[in-house]
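Structure at a glance
Residue-level listing of the chains:
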Amino acid sequence: MAQALKEGQIFAAGLDVFEREPGVHPGLLGCENAVLIPHLGSATVETRLAMANLAADNLLAGLEDGHPPTLLNPQAWEHRTARG
């Protein structure tokens, strides 16, 4: 993307998520036609409250031996439940 921005193939870009966070591709840092704002897209009271509620729901489900609703690593959960 950095090369395409510099060559004018892409006019401009606004990014708040990066390929290898927390690192940012160094080529993007020098692009005057790129705005880099890490994770500010979710910076609203409503979104942060929803994120906190989702985390609490996952925690409570895990503590109650239920399946967390938004489990990202099922292999770890299966390993945990297999060990008892």
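Provided above is the structure to which this section pertains.
Our subject in this report is the structure included herewith. (Residues numbered from 1 in each chain as written. Predicted model: local features only at pLDDT ≥ 70, side-chain atom pairs only at ≥ 80, totals over all residues. Heavy atoms only, no water.)

**What to know about the overall build of the chain**
- Looking only at helices and strands, one finds 4 helices and 2 strands in the chain.
- Listing each helix as α and each strand as β along the chain from the N terminus yields α-β-α-β-α-α.
- Over its C-alpha trace the chain gives a radius of gyration of 19 Å, far above what one expects of a compact globule, namely 12 Å for 84 residues.
- Seen through its C-alpha atoms, the chain measures out along the principal axes to roughly 55 × 30 × 15 Å.
- By residue count, 19% of the 84 residues in the chain fall in the buried class.
- Contacts in the chain between residues at least 24 apart in sequence constitute 16% of all its contacts with a sequence separation of at least 6.
- Accessible surface for the chain amounts to roughly 6,600 Å². Of this, 60% is attributable to carbon and sulfur atoms. (Helix = DSSP H or I, 4+ residues; strand = E, 2+ residues; numbered from the N terminus. Rg over C-alpha atoms; globule rule 2.2 N^0.38 Å. Buried < 20%, exposed > 50% of the residue type's maximum accessible area, 1.4 Å probe, protein only. Contact = heavy atoms within 4.5 Å. Areas by Shrake-Rupley, 256 points an atom, 1.4 Å probe, with all protein chains shown as cover.)

**Some words on the environment of Asn33**
- Topologically, Asn33 is positioned in the loop between helix 2 (26-29) and strand 2 (34-36).
- Linking Asn33 and Glu7, residues 26 residues apart in sequence, is a C-alpha distance of 11 Å.
- Other than its neighbours up to four places away in sequence, Asn33 contacts Leu5, Ile10, Phe11, Ala12 and Ala13.
- A distance of 3.0 Å separates the side chain of Asn33 from the backbone oxygen of Phe11, its partner in a polar contact. (Polar contact = N/O pair within 3.5 Å; in protein donor to acceptor, adjacent residues only side chain to side chain.)

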